[in-house]
Structure formats: structure tokens, C-alpha cells
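Close look at the chain arrangement
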Amino acid sequence: MTSSSRPLVAVTGGAGFIGSHTVDLLIARGCRVVVLDDFSTGKRANLARWADSGRFGLAGAEPSLDVLTVDVSHGVFAALAPVTAAYGAIERIVHLAAQVSVVHSIANPLTDLRVNYGGTLQVLEYARATGVKKVVFASSAAVYGDVTAFPVDEDVACHPLSPYGAHKLASEHALHYYSAVHGVQTTALRFFNVYGPRQDPSSPYSGVISIFADRAAGGRELTIFGDGEQSRDFVYVGDVVRAVVGAALGDGADRASINVGTGTEITVKELAQTIVDVTGGTSTIRHAEARPGEILRSVARVERAERLLGFRAETRLRDGLAATLQGA
Ligand code: UD2
């Protein structure tokens, strides 16, 4: 075993949209990173700048990243064994690997259970057994379901409306008892609508900004579902990963569930118009049938993130849109 003063951090789902930005920031902060990803939606290209620069990928001058192809819901012990034999124990885990579609979870609740709740339990079992100090988990605003008081406070009663939301909430409960019973520090971050470069626009359930930006950049028509008066709290991925990495590398916020949003909302109609403006105004906007089961409003209360993580989202929507359109 070699010793290193660089923290060794595992990132599940590290080849995905939020995961790869997390990896970038962890490496920038001096960490050695191990990515676990099954590449069902993640892409090697998202991590290309680091070129598998660890011992188990291509050797680099300053080894920083190892990428392991593994489905986390099948367990992580075997995959991580050679890495920990070489570098020592994993100190912290950021658990982002997930089945990400609410709609898919409704059609396939048992798959969602295995991947989303089962995956979290696999990570927590590894953390308990090997003495990982901290686990940070990607939860979601989907845990809330239909709420009536805005901005949404973390302490409101949660009544998720999908297997996805229910399994995210169940995962939060697991995080809580692994901390209380086993002494693994845990933090759940409830992401609101995250957007930014590397978000894949190719599925109908991709983030609306990735879809609108892709279409508007090509001068194509944007489709608003319903009247467009529904609002969302869109938070830029560069901000989100500051919250993720702050929670992962810090030792506070144990057993906390924390909203990660901006605290401001925008309607989908305003969003569409803004994107058309930013891209030069050639796309037209049409309306289609509202999505069934759609929530009308979503906006985060952000005080807890400020208090526990010192985190505040800083990127203005127009700047985030410009970066998204430019890609990075
Ligand atoms: C977000 C999350 C989801 C879950 C949920 C919890 C994303 C991508 N999804 O779903 O994982 O956490 O919040 O509440 O962040 N829209 C259009 N036209 C389009 C695409 C979307 O009008 O071409 C509308 C859509 O009807 C909705 C809004 O844009 O009102 C946002 O849609 P979304 O799919 O980006 O995210 P959301 O809020 O449904």
C-alpha cells in the first residue's frame, strides 16, 4: 500500500453530467479520484481531459483519475479492491450513480428500486465495512411530491409521487441510520433542476434547458408542454458541484438533507423566450399537451445550504445558458 496525502474520493456515476463536473472540481482541489460508472448513460468523453491518469488507466505524470466500469447496484467491493490495495482506503464517496428518469421509474418501479435504493445500500455497506469517513448522496426535489408552500423547506412532509422520489427518500433514510448506527458521516443533497454543459439533450425526458438549447442553437422549434406557466428552480452545474464537493470534503452537515437550488424560479414560458433571445431569435415556440402528473411550481428554500455548507448558487441564468450553449 502506498501512502498519499491526497484524499482518495470515489465518485459513482462519475462519467455522467453532474458526475464528470464533480470529478473536475475534486481533481482541481487536489484529490485523487476513482470513478465507478456502468456507462449506461455516462460517457468516457466527459472525462477525456483526465485520460484515465491513474495507475489502472493510462499512466499520467500526475495520476489523478481511475475509471472502473461497474454497475454499483451489483456491489462495489470487488471493483475497488485493486484500487485500495494500491492507494489505501477510500476516504470519501460521492454517490451520484442512478436511474435518473422519473417517468422510467413509474413504468419500471422494481428496476428503480434495485438501481436507486439498492445502489445506495451497496455504497453504504462498503462505507461501513471499510471505514469511509463521509458519503454524499444525490437526492432530488422529487422527494417532496406535491407541496403547497414555497420556497420548499427541507422539513416539509415528503410525499413523493413516483418510485424515483420514493427511492431517493428511502435512500436518505438509509443515510441517516448508517450515520446514527454505524458512524459513517452522510449528507443528502436535494438537487432541483440542474443544467449546464454535458447534459444530454437526446431523450424526451432530458432536462428542458438541454433540449431547448440544442434546438434553439439549430434554429429549430421549441415545444412547451402546457401553458408554460409552470415554474422551476434551475441551478447551474458549476454551482451544484461546489455544494457537492464542499459537502464531500468538509466534515459538517452530517445526517442533513439539504436543498441545492437558487431560491428563484422562472416559468417555462419565460425560459423558452430567454433561450430564443440568447440564441439570436430564429426559433419559434409552440405549445403541446401538458405532461400528466406535472408539478406546477418548484423553488428551493436555500438557507440550510448557506448555513451548513456555506453554499450559495452564484451563476445567473443568462450566464449559465451562455456556458451551456458554448459547451465545456
Ligand atoms: C425534474 C428532474 C427530475 C426530478 C423532478 C422532481 C431534470 C431533468 N429532471 O423534472 O429528475 O428530480 O424534477 O420534481 O432535472 N418541458 C417543456 N418542453 C420540453 C421539455 C420539458 O415544456 O421539451 C417542461 C416540462 O413540462 C416541465 C419543465 O419543462 O414543466 C421542466 O422539465 P424537466 O424534464 O427538465 O424537469 P422536471 O422538472 O420535470
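This write-up is about the structure you can find in this document. (Residues numbered from 1 in each chain as written. Predicted model: local features only at pLDDT ≥ 70, side-chain atom pairs only at ≥ 80, totals over all residues. Heavy atoms only, no water.)

Before going further, it helps to spend a moment on the side chain of E172. Mapped onto the elements, E172 comes out in helix 5 (residues 163-182). What makes E172 buried here is its relative accessible area of 7%. Among the polar contacts listed, one links the side chain of E172 to the side chain of R190, at a separation of 2.7 Å. Not counting the four nearest positions on each side in its chain, E172 is found in contact with F137, S139, V143, A188, R190 and S257. (Helix = DSSP H or I, 4+ residues; strand = E, 2+ residues; numbered from the N terminus. Buried < 20%, exposed > 50% of the residue type's maximum accessible area, 1.4 Å probe, protein only. Polar contact = N/O pair within 3.5 Å; in protein donor to acceptor, adjacent residues only side chain to side chain. Contact = heavy atoms within 4.5 Å.)

With that out of the way, let us pick up the sheet that holds strand 6 (residues 185-191). Strand order in this open sheet of seven strands is 3-2-1-4-5-6-11, and the pairing throughout is parallel. The outermost strands of the open sheet, each flanked by one partner alone, are strand 3 (65-69) and strand 11 (256-260). Ignoring strand direction, the axes of neighbouring strands in this sheet form an average angle of 20 degrees. Note: strand 4 (residues 92-95) against strand 5 (residues 134-140), four bridges, orientation parallel. What sits directly across from I93, in strand 5, is V135. Contacting strand 1 (8-12), strand 4, strand 5 and strand 6, helix 4 (residues 109-130) crosses the sheet at an angle of about 180 degrees to strand 4. Each of strand 5, strand 6 and strand 11 is contacted by helix 5, which is oriented at about 160 degrees to strand 5, the strand it contacts most. (Pairing = 2+ DSSP bridges. Axes fitted to C-alpha atoms, helices over the stretch in contact; angles between N-to-C directions.)

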